[in-house]
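# Secondary and tertiary structure notes
In case you want the letters, here they are:
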Amino acid sequence: MRVLGIETSCDETGIAIVQAGPPPRILGQVLHSQVAMHERYGGVVPELASRDHSARIVGLTLTVLQRAQLTWRDIDAIAYTEGPGLAGALLVGASLAASLAYALDKPLLPIHHLEGHLLSPLLSDDPPPFPFVALLVSGGHTQLLSVERLGRYRLLGESVDDAAGEAFDKSAKLLGLGYPGGPALARLAVHGNPDAYDLPRPMLRSNDLQFSFSGLKTAVLTQVRKGLADEQARADLAASVQAAIVDVLVAKALRALAQTGLSNLVIAGGVSANQRLREKLGAAAQSRAIRLHFPPTELCTDNGAMIALAGALRLAALPEPPGGLDPARIAAGFTVRPRWPLDQLR
Ligand code: KG4
Ligand code: ZN
């Protein structure tokens, strides 16, 4: 079973073909990042994002087929990101997916973007066994979930304000770094002292699994306003911000494992690429009976492979394969869900 996956929820056009397995395997993939286009605006411009997705999506899809040395006949289903994300951007992927499903008479599989992220470690060399705890850390979400099985996600806690990626991005902006801020801040932090600034670790000691990162941004702003003497001071502040975010993520992830009694932890979403987060979790796991599972590095941020994978797993789990799209469903239109809580998924 081979599934074509289409991801257009934000600023990356990701297309991939995944063979269901087991184990699942990527047969071909391409990713076009719009970072260079949005950079000068300091963030994603939704209308530009949609237009760029539509300009490139067909060409990229043909490239993936070519790279995988497959033809349309070899594709068994089409998966696409239905949400959450930018409505216009989502619509581009959804319309190509629905058109392909209709033309090829193959099943159309609408996928939740965050489900894609949290299943992406199944494409690594050390796939997690169910059940596991997932720490989802992206630009828009910071959530801890208990994952019982495919489609069964219980929300344990989430950010009450900014997401972890957002905290990285906003702090980076205050430090005069480009977009996306996470990787830029992490690069600057390499030369800094993480103990130089005493920044707040919001809700670190609260006895729940909620996060709050908006106070951190204010603390960074205060330091920037006081003035940063030199390049070393900037690096020190970057390192201190990163340490504050990572400390909270690690503490809450460990608490989630203790509360659920689970021992496997999946870390996914853009911030899972962060080196300090990986090191600190790694150190914590060593002294406890915990196993960590990250996506392969190139699949930490948005990509088509995680959507194709979620589609392949969902297709395999269905009692019988769904048929192609009927004209009535096409006429009724297809849906996207810009807002879509993961625990509403079945
Ligand atoms: O999952 P993702 O690609 O897109 C969303 O669904 O949001 O995550 C993007 C987020 C951005 O906030 C970006 O700054 C952050 O992930 N990010 C990082 C790193 N790489 C990406 N944050 C910290 N350190 C990194 N190395
Ligand atoms: Zn994402």
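Provided above is the structure to which this section pertains.
Keep in mind the model is a prediction, meaning the values are calculated, not measured.

### Structural notes on the coordination of the zinc ion (ligand 2)
Under perfect tetrahedral coordination by four donors, a metal shows angles of 109.5 degrees; under perfect octahedral coordination by six donors, it shows angles of 90 or 180 degrees. Coordination of the zinc ion (ligand 2) by the protein is provided by H113 (NE2), H117 (NE2) and D302 (OD), with metal-donor distances spanning 2.1 Å. Considered as a linear motif, the donors of the zinc ion (ligand 2) on their single chain read H-x3-H-x184-D. Of this pair, H113 sits in helix 4 (residues 113–119) while D302 is found in the loop between strand 10 (291–293) and helix 10 (304–317), placing the two residues 189 residues apart along the sequence. Neither residue differs from the other here; H113 and D302 are each classed as buried.

### Brief notes about the site of ligand 1
Taken together, 17 residues lie around ligand 1, and G139, D169, G182, G270 and N274 are the ones closest in. D169 places a side-chain nitrogen or oxygen 2.6 Å from an oxygen atom of ligand 1. Take N274: an N or O atom from its side chain is 3.0 Å from a nitrogen atom of ligand 1. Look at ligand 1: alone it shows 550 Å² of surface, and the protein chains cover 86% of it.

### Structural notes on the environment of G178
Examined against the element boundaries, G178 turns out to sit in the loop between helix 5 (164–174) and helix 6 (181–189). Here G178 falls in the partly exposed class, since its relative accessible area comes to 46%. In this structure, the C-alpha to C-alpha distance between G178 and Q223, residues 45 residues apart in sequence, is 19 Å.

### Details of the packing of helix 5 against helix 7 (residues 214–226)
It is at 10 Å that the axes of helix 5 and helix 7 come closest, and there the two elements cross at 10°. It follows that helix 5 is roughly parallel to helix 7 by the angle criterion. Listed contacts from helix 7 to K170, S171 and L174 of helix 5 are K217, V220, L221 and V224. Its residues assigned to classes, the contact of helix 5 with helix 7 shows four nonpolar, one polar and two charged.

### Brief notes about helix 5
When helix 5 is considered as a whole, its buried residues turn out to be A164, G165, A167, F168, S171 and A172. The arc that holds the buried residues of helix 5, viewed along the axis, is 160°, so those residues lie on one side. Buried positions along helix 5 lie against strand 6 (132–137), strand 7 (142–149), helix 6, helix 7 and helix 8 (231–260). Immediately downstream of helix 5, the backbone of G176 shows phi near 80°, a positive value.

Each value, and the rule that gives it
Residues numbered from 1 in each chain as written. Chains lettered and ligands numbered in written order. Predicted model: local features only at pLDDT ≥ 70, side-chain atom pairs only at ≥ 80, totals over all residues. Heavy atoms only, no water. Donors = N, O, S within 2.8 Å, 3.2 Å for Na, K, Ca; no water. Helix = DSSP H or I, 4+ residues; strand = E, 2+ residues; numbered from the N terminus. Buried < 20%, exposed > 50% of the residue type's maximum accessible area, 1.4 Å probe, protein only. Near = heavy atom within 4 Å. Polar contact = N/O pair within 3.5 Å; in protein donor to acceptor, adjacent residues only side chain to side chain. Areas by Shrake-Rupley, 256 points an atom, 1.4 Å probe, with all protein chains shown as cover. Axes fitted to C-alpha atoms, helices over the stretch in contact; angles between N-to-C directions. Parallel < 35°, antiparallel > 145°, perpendicular 65-115°, else oblique. Contact = heavy atoms within 4.5 Å. Nonpolar A, V, L, I, M, F, W, Y, C, P; charged D, E, K, R; others polar. Arc of directions from axis to C-beta.

The values are spatial; any link to function lies outside them.
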